[in-house]
Protein chains: 2
Amino acid sequence: MSLDTETSSKPHERLAAVLQDDLAAVDRLIRERMASETAPRIPEVTAHLVNAGGKRVRPMLTLASARLCGYEGENHHRLAATVEFIHTATLLHDDVVDESRQRRGRPTANLLWDNKSSVLVGDYLFARSFKLMVETGSLRVLDILSDAAATIAEGEVLQLTAAANLSTTEDIYLKVVRGKTAALFAAASEVGGVIAGVEEAQVSALRTYGDALGIAFQMADDLLDYEGDVALTGKNLGDDFRERKLTLPVIKAVARSDPEERSFWKRTIEKGDQRDGDLAQAMDLIRRHGTLEDTRSEALAWSAQAKSALEVLPEHELRDLMADLADYVVARIS
Amino acid sequence: MSLDTETSSKPHERLAAVLQDDLAAVDRLIRERMASETAPRIPEVTAHLVNAGGKRVRPMLTLASARLCGYEGENHHRLAATVEFIHTATLLHDDVVDESRQRRGRPTANLLWDNKSSVLVGDYLFARSFKLMVETGSLRVLDILSDAAATIAEGEVLQLTAAANLSTTEDIYLKVVRGKTAALFAAASEVGGVIAGVEEAQVSALRTYGDALGIAFQMADDLLDYEGDVALTGKNLGDDFRERKLTLPVIKAVARSDPEERSFWKRTIEKGDQRDGDLAQAMDLIRRHGTLEDTRSEALAWSAQAKSALEVLPEHELRDLMADLADYVVARIS
């Protein structure tokens, strides 16, 4: 690989290159721990998802945080595997909840096997993830990750009840986003610092980094749903509108709407009565109130917060890559 | 209540009377911890199940074990609430997996709300249960209960793949039974001894007690499906046969079948092609091979094992009640 390619490659790819050995150890651990002597369905379902290869951002956050804090032991592998197990379990359950048919370009487990297997294998992975944490011997790590697991479930329940609900506030939106993405990003980063035993200000900075990174990422995603380039994002414009999701651009537009506009949102989002031309009108209202710009500037601010949090941490190649990652998640909207 | 009524009441009712104050503290803790500021759906769904009032055998096992081992702190309340949360979470997920419509005489949560809420609220309760365990400060307790949670999920996955599968062995049956009942009974009893800090032989005896109690209970239940009195059990005879479940009486009958009998089981259980008179013929085969008697004697042996395990524990009113409970679960088949 030429130097030129290396510097132009994506930060999560460069993180994966630097953390190559650690990631290989985590993969071995995952394969070892997802096994079940008695129920072969479990590794089948898990492997389907694990082998599909996500970007492994969450385990890398744990590995990078631990390494840049000078950690030399092996518990960061256990924690990175834990974080990936929790993530995989939530994906399995999400696909049941959302009745999804595709994940990472492949049919979902609930489609290939059944909802039952997805629910139960998810539960198994949750339980195994706690077992892995217990092996680190750190109650603090267990506390942080069980909190994250509760926040994830809470955020998803909130998303259920907030869907198609015009009274959804920005505060609720943020809680949903933390549940979807930021809570596990925050916990994954924080536990790396905890096992390295760095000072509290640094542990807290890692948590802030993960939280802000997750929020920036999700806001950018929600923005792109209304202005993205289909060729780049692979998503159709307006999917969230059609699915009646209250994301930030719409929440802000609803808050600024006059009575006529409000009845438009009421009909299309709350009642779900959508007709030809409604997406165009929704876009028009969103543009008129400048809510895409506001969403963009909030996402950029979260990204900036993620980067500045890193400043209290030791100078390190991995710290720089984590900062690059914070730039990268908003590069698509800058 | 007269003395006479008291001695004739059921052992779990007498346990509940003796543990009244502890149970009230556990109830308070459950109510406090199932709350979610942001997602009111969570306590709604949980309360629906908790208020329906199961027998609370699992939390009572923890409370009784801790008390009879002389425990004086407050962690037994946390652990009893943990055990009830894990149990409630598995019930929520089970009802989704089994597409159940009734639980404890009321419509199931998946019917009243939806499958999504049942999956996610179950996840929330799992996460909260780990948080409660962390508060006890005992990594050993976390290890025991995360193992139990994995065994539960593993047993249920195994049950999925074992259903309608004639190659199901008694060994697989036992693993399914441990997943359904015995693993949480065992862990609930064991952690009571662990927090009381009694010697290892006593901790192990408590675990053996819970495991054997759970197995005896489940075997009795499976037996009653083929010979129970509908008026007493509230279950229809032959439900397991109609649902093509491989329980012990059938597994043993299949193992002893001649080719003609085997093709009967193949047609009715494996292919699910059931006709009028098939249940009667199944009962006939079961009787012919004496598998109900064998199942009964195994259940009685497990119950006896549960009782004898208690002998290494201190003499105590609660120990006697636990022994009575072991008698009670097989009284229906004795």
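Residues numbered from 1 in each chain as written. Chains lettered and ligands numbered in written order. Predicted model: local features only at pLDDT ≥ 70, side-chain atom pairs only at ≥ 80, totals over all residues. Heavy atoms only, no water.

## Considerations on the overall build of chain A
Counting its regular elements, chain A contains 18 helices and two strands. Its C-alpha atoms give chain A a radius of gyration of 20 Å, near enough to 20 Å, the size a compact globule of 334 residues would have. Each of the three principal axes of chain A carries a C-alpha extent, and together these read 60 × 45 × 40 Å. For chain A, long-range pairs separated by at least 24 residues make up 74% of all intrachain contacts whose partners lie at least 6 apart in sequence. For chain A, the accessible area works out to roughly 13,600 Å², and carbon and sulfur atoms hold 47% of it. (Helix = DSSP H or I, 4+ residues; strand = E, 2+ residues; numbered from the N terminus. Rg over C-alpha atoms; globule rule 2.2 N^0.38 Å. Contact = heavy atoms within 4.5 Å. Areas by Shrake-Rupley, 256 points an atom, 1.4 Å probe, with all protein chains shown as cover.)

## Let's talk about the environment of A:Gln159
All names here are of chain A. Among the secondary structure elements, glutamine 159 is positioned in helix α9 (residues 139–162). The spatial distance from the C-alpha of glutamine 159 to the C-alpha of alanine 282 is 21 Å, given a sequence separation of 123 residues. In this structure, glutamine 159 is in contact with Val176 and Lys180, ignoring residues within four places of it in sequence.

## Details of helix α6 (residues 75–97) of chain A
Residue and element names in this part refer to chain A. When the terminal C-alpha atoms of α6 are compared, their 33 Å separation across 23 residues agrees well with the 33 Å that a helix rising 1.5 Å per residue should span. Burial analysis of α6 places 22 of its 23 residues in the buried class, the great majority of the element. Backbone geometry just downstream of α6 places glutamate 99 in the positive-phi region, at approximately 50°. (Expected span 1.5 Å × (residues − 1). Buried < 20%, exposed > 50% of the residue type's maximum accessible area, 1.4 Å probe, protein only.)

## A few points about the interface of chain B and chain A
With 40 residues of chain B at the contact, the number on the chain A side is 40 residues. Note on chain B versus chain A: buried area summed over both sides is about 3,700 Å², and carbon and sulfur give 75% of it. Here chain B is connected to chain A by four salt bridges. Here B:Lys131 ties to A:Asp147 by a salt bridge, and the two come within 3.1 Å at their closest N and O atoms. Counting every contact that joins chain B to chain A gives six residue pairs in polar contact (both at pLDDT 80 or more). Sorting the residues of the side of chain B that touches chain A by element identifies α4 (41–51), α6 (75–97), α8 (115–136) and α9 (139–162) of chain B as the ones contributing at least two each. Of the residues assigned to the side of chain B that touches chain A, the class counts are 20 nonpolar, seven polar and 13 charged. (Buried area = accessible area lost by both parts, 1.4 Å probe. Salt bridge = Lys/Arg side-chain N within 4 Å of Asp/Glu carboxyl O. Polar contact = N/O pair within 3.5 Å; in protein donor to acceptor, adjacent residues only side chain to side chain. Nonpolar A, V, L, I, M, F, W, Y, C, P; charged D, E, K, R; others polar.)

## Some words on the confidence of the model for chain A
On average, residues of chain A score 90 in pLDDT, and 93% of them reach the 70 mark or higher. Counted against residues more than four places away or in other chains, residues 1–6 of chain A, with its pLDDT under 50, gives two contacts. (pLDDT = per-residue confidence, 0-100.)

## Side note on the nonpolar core
The biggest cluster of nonpolar side chains holds 223 residues, and the ones touching the most others in it are A:Leu145, A:Tyr209, A:Trp265, B:Leu145, B:Tyr209 and B:Trp265. Apart from the residues within four sequence positions on either side, A:Tyr209 is in contact with A:Leu61, A:Ser189, A:Ala306, A:Ala309, A:Leu310, A:Met322, A:Leu325 and A:Ala326. (Core = buried A, V, L, I, M, F, W, Y, C linked by side-chain atoms within 4.5 Å.)

## Digging into the packing of aromatic side chains
Summed over all chains, the structure comprises seven aromatic pairs over all chains. Taken together, a centroid distance of 6.5 Å and an interplanar angle of 10° make the contact between B:Phe241 and B:Phe264 stacked. Pair noted here: B:Phe241 is in helix α13 (residues 239–242) and B:Phe264 is in helix α15 (residues 259–270), with a separation of 23 residues, a long-range link. In this structure, B:Phe241 and B:Phe264 share a single accessibility class: buried. Between B:Phe264 and B:Trp265, the aromatic rings sit 5.3 Å apart at their centres with planes inclined by 70°, giving edge-to-face as the arrangement. Of the two residues, B:Phe264 and B:Trp265, neither departs from the other in class, the shared state being buried. Members of the aromatic cluster, connected to one another through ring pairs, are A:Phe241, A:Phe264 and A:Trp265. (Phe/Tyr/Trp six-rings, centres within 6.5 Å; stacked < 30°, edge-to-face > 60°.)

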